[in-house]
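Single-letter residue listing:
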Amino acid sequence: MDVRPNQTIYINNLNEKIKKEELKKSLYAIFSQFGQILDIVALTTLKMRGQAFVVFKEIGSASNALRTMQGFPFYDKPMRIGYAKTDSDIVAKLKGTYKERPKKVKPPKPAPGAEEKKDKKKKPTSAENANPNTQTEQPPNQILFLTNLPEETNEMMLSMLFNQFPGFKEVRLVPNRHDIAFVEFTTELQSNAAKEALQGFKITPTHAMKITFAKK
């Protein structure tokens, strides 16, 4: 009866009060650390409420996510995670939706020239970035300063990311600024461990989070 490991994990015991779009974003935020996610299906029908499927590109990513996140307190409820049954209707439908989706594959033609331009632009900016960073790197302390956060970032998403590290105290968002936030830990050793682990973490595919120590 055991379900064979595959790249789709099935999650249940999810908080039913969370809106579908917010649920999908939050699931992406905490599961994308394990590998590339192809799709997330969360249904809000009566029968399927509190359940979701996360489809990874690699089976190894799914296995790692299942082991690591089993029982993780997600919106105050421990997640129950298993492999999806491969003959599940939803997963079959989902694979059907994949085939319809490759509309995004249009930009390859203009890309080569654009990439060259981007590369030329990137080099000076990375050099420019390097200088201020060296000057402004703060001495280690228990508060982390996060930058380059996507627009959809919320306190719950960041709490779930940093909650997995010992000594986590709280997340503080900055009013009218979606791209920055502060995260406080009990000690600077604990904040440093979280900083090292989540440096460059992609909350969305286009936003790699930058973490420094906050100014005291």
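Please read these numbers as outputs of a predicted model, since none were measured by experiment.

## Let's talk about the environment of Phe182
Inspection of the secondary structure puts Phe182 in strand 9 (residues 177-185). Separated by 32 residues in sequence, Phe182 and Ala214 have C-alpha atoms that sit 7.6 Å apart. Beyond its immediate sequence surroundings of up to four residues, Phe182 is in contact with Ile143, Leu144, Phe145, Glu170, Val171, Arg172, Val174 and Ala214.

## A few points about the environment of Lys215
Considering the arrangement of structural elements, one finds Lys215 in the segment after strand 12 (210-213). Along the primary structure Lys215 and Asn141 are separated by 74 residues, whereas in three dimensions their C-alpha atoms are 8.7 Å apart.

## Things to note about unusual backbone geometry
The phi dihedral of Asn13 falls on the positive side, at around 65°, and the residue is not glycine. Looking at where Asn13 falls in the secondary structure, it is placed in the loop between strand 1 (8-12) and helix 1 (20-31). The class for Asn13 is partly exposed, based on a relative accessible area of 21%. If you check the backbone angles, Asn176 has positive phi at about 65° while not being a glycine. Summarising the element assignment, Asn176 is placed in the loop between strand 8 (168-174) and strand 9.

## Overview of the pairing of strand 8
As paired strands, strand 8 and strand 9 are joined by six bridges and run antiparallel to one another. Along strand 9, the bridge assignment pairs Glu170 with Glu184. The antiparallel hairpin formed by strand 8 and strand 9 contains two residues in its connecting segment, where Asn176 sits at a positive phi of about 65°.

## What to know about the packing of aromatic side chains
Overall, the coordinates contain seven aromatic pairs when judged by the stated rule. When the centroid spacing of 6.5 Å and the interplanar angle of 70° are considered together, the rings of Phe31 and Phe56 count as edge-to-face. With Phe31 in helix 1 and Phe56 in strand 3 (residues 52-56), this residue pair connects regions lying 25 residues apart in the sequence. Exposure class is identical for Phe31 and Phe56. Each is buried. When the centroid spacing of 6.0 Å and the interplanar angle of 75° are considered together, the rings of Phe168 and Phe185 count as edge-to-face. In this pair, Phe168 sits in strand 8 while Phe185 sits in strand 9, placing the two residues 17 residues apart along the sequence. In this structure an aromatic cluster arises from ring pairing among Phe31, Phe34 and Phe56.

## Concerning the sheet that holds strand 7 (residues 143-147)
Strand pairs in the sheet, formed through backbone hydrogen bonds, run parallel or antiparallel to each other. Read across the sheet, four strands follow the order 8-9-7-12 without closing on themselves; strand pairing throughout is antiparallel. A strand with exactly one partner marks an edge of an open sheet, and here the two such strands are strand 8 and strand 12. Across the sheet, the axes of successive neighbouring strands diverge by a mean angle of 25°, strand direction being ignored. As paired strands, strand 7 and strand 12 are joined by four bridges and run antiparallel to one another. By the bridge assignment, Leu146 is partnered in strand 12 with Ile211. Sitting on the sheet, helix 5 (residues 155-162) is in contact with strand 7, strand 8, strand 9 and strand 12, with an inclination near 150° to strand 8. Sheet strands touched by helix 6 (residues 188-198): strand 7, strand 9 and strand 12. Its angle to strand 12, the strand with the most contacts, is close to 160°.

## Quick word on the confidence of the model for the chain
Mean pLDDT over the chain stands at 79; residues scoring 70 or higher make up 75%. Per-residue pLDDT, averaged within each element of the chain, yields its smallest value for helix 4 (residues 111-136) (49) and its largest for strand 7 (95). Here residues 97-105 scores under 50 on pLDDT; set against residues more than four positions off or in separate chains, the count is five contacts.

## Considering the side chain of Gln51
Structurally, the position occupied by Gln51 is in the loop between strand 2 (37-42) and strand 3. For Gln51, a relative accessible area of 16% corresponds to the buried category. At 2.5 Å, the side chain of Gln51 forms a polar contact with the side chain of Tyr10. Apart from residues lying up to four places away in sequence, Gln51 is in contact with Tyr10, Ile11, Asn12, Leu14, Ala42 and Leu43.

Quick notes on the rules
Residues numbered from 1 in each chain as written. Predicted model: local features only at pLDDT ≥ 70, side-chain atom pairs only at ≥ 80, totals over all residues. Heavy atoms only, no water. Helix = DSSP H or I, 4+ residues; strand = E, 2+ residues; numbered from the N terminus. Contact = heavy atoms within 4.5 Å. Buried < 20%, exposed > 50% of the residue type's maximum accessible area, 1.4 Å probe, protein only. Pairing = 2+ DSSP bridges. Phe/Tyr/Trp six-rings, centres within 6.5 Å; stacked < 30°, edge-to-face > 60°. Axes fitted to C-alpha atoms, helices over the stretch in contact; angles between N-to-C directions. pLDDT = per-residue confidence, 0-100. Polar contact = N/O pair within 3.5 Å; in protein donor to acceptor, adjacent residues only side chain to side chain.

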